[in-house]
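Fold and contact review
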Amino acid sequence: MQPEEMIAASANAVAREVGGETVLLDLDSGTYFGLNAVGGFIWSLIEKEPRSLAALADAVAADFDVTHDEALRDVTALAQAFAEHELLKGS
Amino acid sequence: MSHEPAFQIHGEREQAGLPAAPYDRWVSPDGETTAEFHRNNRGYLIRFPEQADFAISADLQSVACHPAPDMEADAIRTLFANSVRPVIGNHTGELNLHGSAVVIDGRALALMGLSRRGKTTLAGAFAKAGHPFLTEDVLALGQQDGSFTVAPQRPILRLFGDSAAFLLGDEPGEHCPDTKSEFAASAALPAADCAAPLGAICILGPGEADSVSLTQLGQAAALSEILRHGFLLDVEDKPRLHAHFARVAQLASSVPCLSLDYRREFSELPQVIRAVRSHMEEN
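Keep in mind the model is a prediction, meaning the values are calculated, not measured.

Residue and element names in this part refer to chain A. An ideal rise of 1.5 Å per residue puts 16 Å on twelve residues; helix H1 (residues 37–48) measures up with 17 Å between its terminal C-alpha atoms. Among the residues making up H1, those that are buried are Gly39, Gly40, Phe41, Ile42, Trp43, Leu45 and Ile46. In this structure Asn36 caps H1, since a side-chain oxygen of it lies 3.2 Å from the backbone nitrogen of Val38.

Residues and elements named next belong to chain B. For Glu50, which is not glycine, the phi torsion reads 65° and is therefore positive. Tracing the backbone through its elements, the reader meets Glu50 in the loop between strand S4 (43–48) and strand S5 (52–57). Since its relative accessible area comes to 68%, Glu50 is described here as exposed. Phi is positive for Leu60, which is not a glycine, with a value near 65°. Position of Leu60 among the secondary structure elements: in the loop between S5 and strand S6 (62–67). A relative accessible area of 8% means that Leu60 is categorised as buried.

A few words on the domain arrangement of chain B. All names here are of chain B. By the assigned domains, chain B splits into domain 1 (6–92) and domain 2 (97–282). When each unit is reduced to the centre of its C-alpha atoms, the spacing between domain 1 and domain 2 is 24 Å. Taken together, the contact pairs 20 residues of domain 1 with 18 residues of domain 2. At the boundary of domain 1 with domain 2, the tally comes to two salt bridges. For the salt bridge of Arg39 with Asp234, the shortest nitrogen-to-oxygen distance reads 2.8 Å. Among the secondary structure elements, those contributing two or more residues to the side of domain 1 that touches domain 2 are strand S2 (24–27), strand S3 (33–40), S4 and helix H1 (73–91). A total of ten residues in the side of domain 1 that touches domain 2 trace back to one element, the largest contributor, which is H1.

This part covers the packing of aromatic side chains. One pass over the full model with this rule turns up ten aromatic pairs over all chains. Centre to centre, the rings of Phe41 of chain A and Phe64 of chain A are 5.5 Å apart; their planes meet at 70°, and the pair counts as edge-to-face. Of the two residues, Phe41 of chain A sits in helix H1 while Phe64 of chain A sits in the loop between helix H2 (53–63) and helix H3 (68–84), which places them 23 residues apart along the sequence. Connected via pairs of aromatic rings, a cluster forms that spans Tyr23, Trp26, Phe37, Tyr44 and Phe231 of chain B. Just above the ring of Tyr23 of chain B sits the side chain of Arg39 of chain B; from NZ or CZ to the centre is 4.0 Å. The ring of Phe166 of chain B carries Lys128 of chain B above its face, with NZ or CZ at 4.5 Å from the centroid.

What follows is about helix H6 (residues 269–282) of chain B. Residues and elements named next belong to chain B. Taking 1.5 Å of rise per residue, 14 residues should cover 20 Å, and H6 covers 20 Å from first to last C-alpha, within 8% of that figure. For H6, the full list of buried residues reads Leu269, Val272, Ile273, Val276, His279 and Met280. Looking straight down H6, one finds that the buried residues subtend no more than 135° of arc, so they occupy a single side. In H6, the exposed positions that point more than 90 degrees away from the buried face belong to Glu281 and Glu282.

What follows concerns the sheet that holds strand S3 (residues 21–26) of chain A. All names here are of chain A. One open sheet holds the three strands; their spatial order is S2-S3-S4, and the pairing between them is antiparallel. If you trace the sheet from one side to the other, it starts and ends with strand S2 (13–18) and strand S4 (32–35), each paired once. In this sheet, neighbouring strand axes are inclined to one another by 25° on average, regardless of whether the strands run parallel or antiparallel. Relative to S4, S3 runs antiparallel, the two being bridged by four bridges. Looking at the pairing, Thr22 lines up with Leu35 of S4.

Bringing the sheet that holds S4 of chain B into the picture now. All names here are of chain B. The mixed open sheet is built from six strands, whose spatial order is S1-S6-S5-S4-S3-S2. The sheet is open, and its two borders are formed by strand S1 (6–9) and S2, each paired with just one other strand. Strand-to-strand twist in this sheet, taken as the mean axis angle between neighbours without regard to direction, amounts to 15°. Two strands pair when backbone bridges link them, and S5 and S6 are joined in this way by five bridges, in the antiparallel orientation. Its bridge partner lying in S6, Ala55 is registered against Ala64. Contacting S1, S2, S4, S5 and S6, H1 runs over the sheet at an angle of about 30° to S5.

Residues and elements named next belong to chain A. It is the contact of H1 with H2, at a shortest axis distance of 11 Å, that shows an interaxial angle of 135°. Between H1 and H2, the crossing angle belongs to the class labelled oblique. The handedness of the crossing between H1 and H2 comes out as right-handed. In contact with Val38, Phe41, Ile42, Leu45 and Ile46 of H1, H2 contributes Leu56, Ala59, Val60 and Asp63. Looking at the contact of H1 with H2, its residues break down into eight nonpolar, no polar and one charged.

Calculation notes
Residues numbered from 1 in each chain as written. Chains lettered and ligands numbered in written order. Predicted model: local features only at pLDDT ≥ 70, side-chain atom pairs only at ≥ 80, totals over all residues. Heavy atoms only, no water. Helix = DSSP H or I, 4+ residues; strand = E, 2+ residues; numbered from the N terminus. Expected span 1.5 Å × (residues − 1). Buried < 20%, exposed > 50% of the residue type's maximum accessible area, 1.4 Å probe, protein only. Polar contact = N/O pair within 3.5 Å; in protein donor to acceptor, adjacent residues only side chain to side chain. Domains from an automatic or database assignment. Contact = heavy atoms within 4.5 Å. Salt bridge = Lys/Arg side-chain N within 4 Å of Asp/Glu carboxyl O. Phe/Tyr/Trp six-rings, centres within 6.5 Å; stacked < 30°, edge-to-face > 60°. Lys NZ or Arg CZ within 6 Å of the ring centre and 35° of its normal. Arc of directions from axis to C-beta. Pairing = 2+ DSSP bridges. Axes fitted to C-alpha atoms, helices over the stretch in contact; angles between N-to-C directions. Parallel < 35°, antiparallel > 145°, perpendicular 65-115°, else oblique. Left-handed = near helix turned anticlockwise from the far one by under 90°. Nonpolar A, V, L, I, M, F, W, Y, C, P; charged D, E, K, R; others polar.

Laid out in structure tokens, this is it:
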């Protein structure tokens, strides 16, 4: 996945924040996933509108104590995991 | 639910093949299908293999049961009360979960876990120790003043023979060992007849702990655990699945959830009760 690639949350997945973590339910499969604080933050952004990986990394770097490059690595890895589990629009 | 669905039991009949594969099924931990869910032009049909078919009208207002041959009426009523009624209720916005509950000092303790994890036996042991049971199989949750409550269900415990002998002080071998029998509440095993605020949820583990183990789960872990114990009529109905998820998330956020494990020996139960009671007193 390239930094300019746009991703958006699938409408078939819903999320709830409980106890500082985010639990994601895939309505298609009934499978649920736990996201840490960064994962929940990224999900909350791509739930609202499509974002590029680079823009997501900017947002993560601004809110968490990491550099842009570190954030981009994390964002890319998470985006790939979302895609593998068909949690993104069009994935 | 605005009112209870009308329930009718018709004559027994063989379970003929159905035109399509089920869209959902319940499977026991040992891989046996315990229920199959079908749609037809009249609504839903839930088939309990070799037990009964329950046809649910599309408006959820009526349920017609055709028992399989030689099924007893009590078993049919149990299937309706413990499985069919809860799935219909959840479809209409209720929150019914699979589990037992007892009352400890005015607060309900819910016991959840996979089949054969000992929920009913533990509920019976609590009752025997003076903590009446509210339900043995269906946690019918309500909300009052922002808190969850557990409503009493049928004052019956369904027990395997060894559990019945232990709880009732009968001779081993006096009760059928391989099938569950119904035991009405009694002075020895009292039932509660009023709803109680839900104080805590215990998720029963597999029985691998060397000693009684009681640990608090985080809210996200609690949500994942509790989701496994819902009754869903239509897993393909996404708006309702979403709503059910939201209700369970609210429950996980507002009620402490504990992981409980212990060796499945009757001699362990008094210690389990002491540990849980002590935890409830301190929290």
